[in-house]
Amino acid sequence: LGLMLALERRPEEPSARTMFLRVREVALGQVRRALEQLAPDLDEDAARLLATYTMAAADGLFIAKQIGGDGVDLVRLFELHARMLIDAADRLSVA
């Protein structure tokens with residue numbers, strides 16, 4: 001529902017969309033702080049890029065679960081996602 005609200009464009013924004021986007025900004029900030037601890041050598045642009053990627057990939061995993069139902073192991077997908085983020089943070093820190 002939140003993603004549908006985020007995609008909606010109306011002349012007058014519904015309060016639910018505004019609230020969803022606000023909560024999402026808080027989550028993005030939490031991801032940024034976690035990345036600062038995980039990879040303190042990331043510059044600001046790399047941290048912003050990786051945080052945005054993190055949120056976008058998480059959105060995709062939730063959509064995959066909704067489409068695939070019980071055949072999609074969300075826990076395993078998020079474990080894979082976490083390992084890939086650590087690898088990406090290492091690669092971006094070196095770059």
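Note that the structure is predicted; figures quoted are calculated from it, not measured. (Residues numbered from 1 in each chain as written. Predicted model: local features only at pLDDT ≥ 70, side-chain atom pairs only at ≥ 80, totals over all residues. Heavy atoms only, no water.)

Under the definition given, this model contains one aromatic pair. For the ring pair Phe62 and Phe78, a centre distance of 5.4 Å and an interplane angle of 55° mean the geometry is tilted. A residue pair is termed long-range when its members are at least 10 positions apart, and Phe62 in helix H3 (residues 44–68) and Phe78 in helix H4 (residues 74–94) qualify at 16 residues. A residue is classified by how much of its surface remains accessible, and Phe62, at 44% relative accessible area, is partly exposed. (Phe/Tyr/Trp six-rings, centres within 6.5 Å; stacked < 30°, edge-to-face > 60°. Helix = DSSP H or I, 4+ residues; strand = E, 2+ residues; numbered from the N terminus. Buried < 20%, exposed > 50% of the residue type's maximum accessible area, 1.4 Å probe, protein only.)

For the rest of this paragraph, the subject is the nonpolar core. Judged by nonpolar contacts, Val31, Leu35, Ala39, Leu42, Ala46, Ala47, Leu50, Ala51, Met55, Leu85 and Ala89 together constitute the single largest core of 11 residues. If you list the elements that add at least two residues to this core, you get helix H2 (15–38), H3 and H4. Tallying contributions element by element places H3 first for this core, with five residues. Not counting residues within four places of it along the chain, the set of residues in contact with Ala89 comprises Leu38, Ala39, Leu42 and Leu50. (Core = buried A, V, L, I, M, F, W, Y, C linked by side-chain atoms within 4.5 Å. Contact = heavy atoms within 4.5 Å.)

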